[in-house]
Structure formats: C-alpha cells, structure tokens
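Residue-level listing of the chains:
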Amino acid sequence: MEVKGKIIQKFDLQSGTSKAGNPWKKQNYLLETLDSFPRKIYFDFFGDRADQFPLNVGDMINLSFDIECREYQGRYYTDIRGWKAEKIDESAPVAAPAPTPDAPPAPAPAPAPDVNFEQTQEDDLPF
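The rules behind each value
Residues numbered from 1 in each chain as written. Predicted model: local features only at pLDDT ≥ 70, side-chain atom pairs only at ≥ 80, totals over all residues. Heavy atoms only, no water. Helix = DSSP H or I, 4+ residues; strand = E, 2+ residues; numbered from the N terminus. Buried < 20%, exposed > 50% of the residue type's maximum accessible area, 1.4 Å probe, protein only. Areas by Shrake-Rupley, 256 points an atom, 1.4 Å probe, with all protein chains shown as cover. Contact = heavy atoms within 4.5 Å. Pairing = 2+ DSSP bridges.

Draft legend 1. Geometry of the overall build of the protein. Along the protein, the regular secondary structure elements total 1 helix and 6 strands. The helix and strand sequence of the protein, counted from the amino end, reads β-β-β-β-α-β-β. A total of 127 residues make up the protein; the buried ones form 23% of that total. If you sum the accessible surface of the protein, you get close to 10,600 Å²; carbon and sulfur atoms cover 53% of it.

Structure below.
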C-alpha cells in the first residue's frame, strides 16, 4: 500500500536485543496525509530500514507500507510497517500531460436545459 504525506513528528529510536540474542531497532514517525480531510498515520521502520530511510520533520514523502497484526495474551495489535519512503520534491511543478497532435479537440459542454418550475393546473402531482 502507498500513501503521500508530510512527516509531522519523529520519535526516539528504540533498540534492544531479542530473546534469541539478535539486536533490533525501530524508528517511529507520525505522518499527515495530503487529502482534503487529512489523517494521521503512526508508522515505523524496523531493522536496517530505520537507517536506510532517515526522515525529518517536514519531509514530504510517498510511503510504501504493509499492515501487520499480532496477538498477545488474547489482544490484537496492528502495526503499519514501512518498507520504502521516497521524498517528494515540493518545488518541482506538477506537469500536466501534453496534448497529442493526433487527438481530436475536446467537445464543448452542452448548454443547460431551460427548466420552468411554475406549477400548472395540468399537474397531477399531490404537492
């Protein structure tokens, strides 16, 4: 899955050692989407990806992620695990697609129909 947004908070790096003795680390972020009704998404990069994708507050990114769920003592927990982040250049203008020379011109919009809202005696409607 993918989402575009702006990093609004970076949390402290978490690290430790697993029961098997393997070191691990996790970097959490809070992203706000660019939708007309912005949503906040709390996500993380785990392991080597925490170093591979260093992000800062204010970065505009396109985040690729997976949703993972795990059960612990009868309760379920859901994580949004990022696997790629591409920074978006805000200064680059968004290019509109160029018209092709063979394409016909777009048709003109149809005129609005004349509507008469006056009630007449011939109406058989009850209102």
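Draft legend 2. Representation of the side chain of Asn-62 within the structure. Relative to the helices and strands, Asn-62 is located in strand β5 (residues 60-72). Beyond its immediate chain neighbours, meaning those up to four positions away, Asn-62 contacts Glu-2, Val-3, Lys-4, Lys-84, Ala-85, Glu-86 and Ile-88.

Draft legend 3. Fine view of unusual backbone geometry. In this structure, Gln-73 takes a positive phi of about 50 degrees despite not being glycine. Positionally, Gln-73 belongs in the loop between β5 and β6 (75-87). A relative accessible area of 65% places Gln-73 in the exposed class.

Draft legend 4. Fine view of the pairing of strand β1 (residues 2-10). Pairing geometry for β1 and β5, over 5 bridges, is antiparallel. Counterpart to Lys-4 in the pairing with β5 is Asn-62. Both β1 and strand β3 (residues 23-33) contribute to a ladder of 5 bridges, which runs antiparallel. Each residue of the ladder has a partner; that of Ile-7, found in β3, is Leu-31.

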